[in-house]
Amino acid sequence: MTETFADELRKATWGDHEGAEHTAYLEALMNGKVSRAGYAEMVAQHYFAYVALEEAGQALVGDPVAAPFVRAELERVPALERDLETLYGPAWREEIKPSKSTLTYVARINQVADWPGGFIAHHYTRYLGDLSGGQVIRKVAERTYQFEDEGGISFYLFPALPDLKAFKVGYRDQLNALDLDDVQRKRIIRETLLAYQLNTEVLVEIGKRLPEYLVA
């Protein structure tokens, strides 16, 4: 049986996915040892990446390859804005700035924004992660920070997707429906691996400030 593109992509990136989970910052976060300020820093860095990714998506809505992946129900920027207001207050835009690693990540998203395959690579890395491991982070954040409402964890909530598992199955079907030759497959896989690396570097940079973010 021929391996599907979705299976090939998942297998190729599994090690990188594991690497991101085992950064010092994320391990501390998952153990409830990161302060609210430390959590807010991650949310802020997500914001800059998603602005770039969703702007790229809007520029590709007419592209036959990328368009099926540009889904309004996935958009995260409004949710991130709500979370940032909860975490930083009304003047949150003046309070946050992209880290060096985030700037590198955003630059890469912008660099491949006119290549549908590149957009899909970064789209897959972020949104499938949000719908999978991101849901575990949501539960930890709910328990650790006890936000009064959904502000603070809105990023991880997908009210327009009642069945996350079914959506992920459909997403992988979309990947498998792409008309790709072997060269194109490998190119997208390489870009997905780079996307994982850039995401991990953002977490590693936040982790350099971990001593000030740790709570007893």
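All figures in this text were calculated on a predicted structure; none of them were measured in a lab.

Procedures and definitions
Residues numbered from 1 in each chain as written. Predicted model: local features only at pLDDT ≥ 70, side-chain atom pairs only at ≥ 80, totals over all residues. Heavy atoms only, no water. Helix = DSSP H or I, 4+ residues; strand = E, 2+ residues; numbered from the N terminus. Rg over C-alpha atoms; globule rule 2.2 N^0.38 Å. Buried < 20%, exposed > 50% of the residue type's maximum accessible area, 1.4 Å probe, protein only. Contact = heavy atoms within 4.5 Å. Areas by Shrake-Rupley, 256 points an atom, 1.4 Å probe, with all protein chains shown as cover. Phe/Tyr/Trp six-rings, centres within 6.5 Å; stacked < 30°, edge-to-face > 60°. Lys NZ or Arg CZ within 6 Å of the ring centre and 35° of its normal. Salt bridge = Lys/Arg side-chain N within 4 Å of Asp/Glu carboxyl O. Core = buried A, V, L, I, M, F, W, Y, C linked by side-chain atoms within 4.5 Å. Axes fitted to C-alpha atoms, helices over the stretch in contact; angles between N-to-C directions. Parallel < 35°, antiparallel > 145°, perpendicular 65-115°, else oblique. Nonpolar A, V, L, I, M, F, W, Y, C, P; charged D, E, K, R; others polar.

### Observations concerning the overall build of the protein
Moving on, step 1. A count of helical and extended segments in the protein gives eleven helices and zero strands.
Moving on, step 2. Reading the helices (α) and strands (β) of the protein from amino to carboxyl end gives α-α-α-α-α-α-α-α-α-α-α.
Moving on, step 3. In summary, the protein has a C-alpha radius of gyration of 17 Å against a globular reference of 17 Å for 216 residues, a match within 12%.
Moving on, step 4. Referenced to the eigenvectors of the C-alpha coordinate spread, the extents of the protein come out at roughly 50 × 35 × 30 Å.
Moving on, step 5. Buried residues in the protein amount to 50% of all 216 residues.
Moving on, step 6. The contacts of the protein with a sequence gap of at least 6 include a subset with a gap of at least 24, amounting to 83%.
Moving on, step 7. Put simply, the protein shows about 10900 Å² of open surface, and 52% of that area lies on carbon and sulfur atoms.

### So, the packing of aromatic side chains
The geometry of an aromatic ring pair is captured by the separation of the ring centres together with the interplanar angle, meaning the angle of the planes.
Moving on, step 1. Scanning the entire structure with this criterion turns up eleven aromatic pairs.
Moving on, step 2. An angle of 40° between the planes, with centres 6.0 Å apart, marks the rings of Y39 and F147 as tilted. Pair noted here: Y39 is in helix 3 (residues 36-59) and F147 is in the loop between helix 8 (133-145) and helix 9 (164-177), with a separation of 108 residues, a long-range link. Judged on exposure class, the residue Y39 and its partner F147 are both buried.
Moving on, step 3. Residues Y50 and F155 carry aromatic rings whose centres are separated by 5.3 Å and whose planes lie at 75° to one another, so their mutual orientation is edge-to-face. Linking Y50 in helix 3 with F155 in the loop between helix 8 and helix 9, this pair joins segments that are 105 residues apart in sequence. By the burial criterion, Y50 is buried, and F155 matches it.
Moving on, step 4. For R76, the ring lying beneath its charged end belongs to F158, and the centroid distance is 3.8 Å.

### A look at the pattern of salt bridges
Moving on, step 1. As enumerated under the stated definition, the model contains ten salt bridges in all.
Moving on, step 2. Among the ionic pairs, E150 bridges to R82, the shortest N-O distance being 3.8 Å. Taken together, the residues span a long stretch of sequence, with E150 in the loop between helix 8 and helix 9 and R82 in helix 4 (residues 77-88) at a distance of 68 residues.
Moving on, step 3. Since its relative accessible area comes to 43%, E150 is described here as partly exposed.
Moving on, step 4. Look at R82 and you get partly exposed, because its relative accessible area is 38%.
Moving on, step 5. A salt bridge links R138 to E142; the shortest N-O distance between them is 3.3 Å. With R138 and E142 both in helix 8, this residue pair falls four residues apart, about one helical turn.
Moving on, step 6. What makes R138 buried here is its relative accessible area of 16%.
Moving on, step 7. Overall, the relative accessible area of 36% leaves E142 in the partly exposed class.

### Looking at the nonpolar core
The nonpolar side chains of a soluble globular protein tend to be buried with one another.
Moving on, step 1. Of all hydrophobic cores here, the largest spans 65 residues; its most connected members are L29, Y39, M42 and L175.
Moving on, step 2. Element by element, the count of residues in this core is highest for helix 3, at twelve residues.

### Quick look at the packing of helix 7 (residues 116-131) against helix 8
Moving on, step 1. Packing of helix 7 against helix 8 leaves a shortest axis separation of 3 Å and a crossing angle of 50°. Accordingly, the angle class assigned to the pair helix 7 and helix 8 is oblique. Residues G129, D130 and L131 of helix 7 form the contact with helix 8, whose participating residues are G133, G134 and Q135.
Moving on, step 2. In the contact of helix 7 with helix 8, the residues fall into one nonpolar, four polar and one charged.

### Points about the side chain of T125
Moving on, step 1. Its location among the elements puts T125 in helix 7.
Moving on, step 2. Given a relative accessible area of 8%, T125 falls into the buried group.
Moving on, step 3. Non-local contacts of T125, meaning those with residues more than four positions away in its chain, are made with T192, A195, Y196 and N199.

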